[in-house]
Each structure stands twice: as structure tokens, then as C-alpha cells.
Amino acid sequence: MGQLVKGTWQDGWYDTDATGGHFVRDTARFRNWITPNGEPGPSGAGGFAAESGRYHLYVSYACPWAHRTLIFRALKGLSPHIGISVVHPDMLSEGWTFATGFPGTTGDDLHGLSFLRDIYIRARPDASGRVTVPVLWDRAQNTIASNESAEIIRMFNTAFDDLTGNRDDYAPTSLRREIDRINARIYSDVNNGVYKAGFATTQTAYDDAVTALFETLDWLEARLTYNRYLLGTHLTEADWRLFTTLARFDAVYHGHFKCSRTRLVEFPNLWAYTRELYQWPGVAETVHFDHISRHYHYSHATINPNRIVPVPPCTDWTIPHARDHLLAA
Ligand SMILES: N[C@@H](CCC(=O)N[C@@H](CS)C(=O)NCC(=O)O)C(=O)O
């Protein structure tokens, strides 16, 4: 675990001293948008046109943010057009590495580099900041197009539609405001909320995070009683963003991050809803519980100093979701 400072690697854990024990996530630094014809998007530079075989995704199967991008790649039929490389689940003093030897890891089949930080340095020799997955690499310009998952899934949602013919829209304009609103709460209290609880270094910081987390999960549980999906009858991006956290909840966040009040399987609606999303065509193949459990338990020595990886909970993800009585568009 560490970060780049002007192109040089510095080892070190998150510094929570300056923030009263609160974990504060760094903002992503590569923010270009792929568009159908290369016009600039909402941020960054232009020149990133949607072309088959041009872009490559670096992911960890453990990471919930990278997982979003894998789901959108599957849902939108992008697998033949965008390759992937999978890092090793252990993120230790060198950060993410391209070590192989764990099932599903690929190494860096594009550049043959050893560490994910080398990809950042190749894009920007004086790069500073955290070296995170996912990374969307542009083979044409030899740079990182984006390392912000929220934006990568928005691009994947429409930018390649002419190429794939897949016009499924998970962020339709008519629902965009509501999607953004619910995403904001779920990001703060749930997606990032579990990290705030797990990485807190004071009781108050932990209490704040875990209280907000379960308030929001209770609110979602109630909302999903009569709504098939978060926005009603339409399955949207907001559901997929919530899914990657819920999928990890009982295996990792409940114990390792001390999100211990209630397990996912004890929320009847949330649990059935998560199973429906898991059983969605193409999605189960993106979920790798071996990488998930190994990464968190083995990498975070400050919270699990003996690096013991616990036995997984016996969860049956194939139980029918039985939510067909709720309307879907
Ligand atoms: N804003 C980024 C956050 C990605 C992120 O924090 N990824 C984690 C893995 S779950 C990571 O690579 N962390 C390495 C680090 O913080 O040094 C996104 O959503 O794409």
C-alpha cells in the first residue's frame, strides 16, 4: 500500500491523523471520456473515440469499483471490444501487482510490466496520487483514458452503442436526476460507507460511518418492498453500483470492516434483490469471491495483522429471487 509522489513510489498506509480518524478517499486524476466520435465529454480532453480493440481495462476482481466496470462491459456486449488484465488480489507494500499464481490473474498482457504503478508512470512520468483500479488504458494514445469507475460505466452505457448495436440504457435521461440523487447517498453511506467504517481509527469516526450505513440499508430495504429496483420498474446504473457492495457484504464487510449489526441475508428484500442481480445474465461470471476474500483479509494488515483469511459464509446465490410479482419494465 502506498502512492506515487512525482513518479516515485512511497510506501505507507492511509493517513487518518489529519482527518480525526476518518477515511477520506482520494479523487481520481485521469478523467477523459470516450465518446462515439472523439468529441470531448463532460471532463478531460477530446480525442478518445469509441473504437473496437483500442481500450483495455486493468481491474482487480476484488475491488467493488472495478467490478462496476466489468458488469457494464458484460451487460453492454463490450467483451469482444475491450480487453482486460487482472491484478493479483494481494495489495501489499508495492501496491497492486501483476504477479500471477492466483487463479484468474493475467499479468500485464499488454505491456509486460510488474506493477500497476508502472502503468500510471507510463501514462504520466511525474504522476502523483494513489494507484487505483480500475484503469481504462488507451492503446492509441498510450495513456490512461480514465481511472474513475463512475465515469467509465457512464461511457460504457452509450459510447459504443453504434459498434455493438446494444442500446440498453441504464441511465436514461428521464431518470438521470433521480439516479444521480440516489447514487450520491448510496456512495457516501454504503459504497464508501463500508470503507469509512472499516478504516476508521477513532470510535467516533466508526460510529458515524456505521450508523449512516445501516440507516441507509434500512431505507433501501423498505424501498425495495414495493419497488423491483431502486428507481421502480427500471433496472438502472444505481442498482449495479449498489450491487457490488452488497455482493461483498457478508463475505468481507460484515466481519473485516465491522459492519456487524445485520448481515445482508437478514434483510429479506435486499437479499432477494441482490440475488436477482447476481442471477442476471453475464453477471455471476464477474463475481469472484476468492479474490474478494483474499484481497481484503490478506492486504489490510492494520486491521487483520495475522492475515488470516476466514472461511467464507455458506451463502446460496442460486436460490430463486422470487421478485417476479413486482413489476419490471
Ligand atoms: N474513484 C475510484 C476509486 C477506486 C479505488 O479506490 N480502488 C481501490 C481498490 S477497491 C484501490 O485501487 N485502492 C488502492 C489505493 O487506494 O492505494 C473509482 O471509483 O474508480
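Residues numbered from 1 in each chain as written. Predicted model: local features only at pLDDT ≥ 70, side-chain atom pairs only at ≥ 80, totals over all residues.

(A) Inspection of the pairing of strand 1 (residues 2-5) at higher detail. Note: strand 1 against strand 2 (residues 8-11), four bridges, orientation antiparallel. The partner of Val5 across the bridge, within strand 2, is Thr8. Linking strand 1 back to strand 2 in an antiparallel pair, the connection comprises two residues, with Lys6 at a positive phi of about 50 degrees. Relative to strand 5 (residues 129-130), strand 1 runs antiparallel, the two being bridged by two bridges. The residue bridging Leu4 from the neighbouring strand is Gly129, located in strand 5. (Pairing = 2+ DSSP bridges. Helix = DSSP H or I, 4+ residues; strand = E, 2+ residues; numbered from the N terminus.)

(B) Spatial organisation of the sheet that holds strand 6 (residues 135-138). The four strands lie next to each other as 4-3-6-7, forming an open sheet whose pairing is mixed. Pairing within the sheet leaves two strands with one partner each, and these edge strands are strand 4 (83-86) and strand 7 (143-146). Ignoring which end each strand starts from, the neighbouring axes of this sheet average 35 degrees apart. Relative to strand 4, strand 3 (residues 55-59) runs parallel, the two sharing four bridges. Looking at strand 4, one finds that Tyr58 is bridged to Ser85. (Axes fitted to C-alpha atoms, helices over the stretch in contact; angles between N-to-C directions.)

(C) Quick look at unusual backbone geometry. Between Val133 and Pro134 the backbone carries a cis peptide bond, its omega angle lying at 0 degrees. Looking at where Pro134 falls in the secondary structure, it is placed in the loop between strand 5 and strand 6. Of note, the phi angle at Asn142 is positive, near 50 degrees, even though the residue is not glycine. Within the fold, Asn142 resides in the loop between strand 6 and strand 7.

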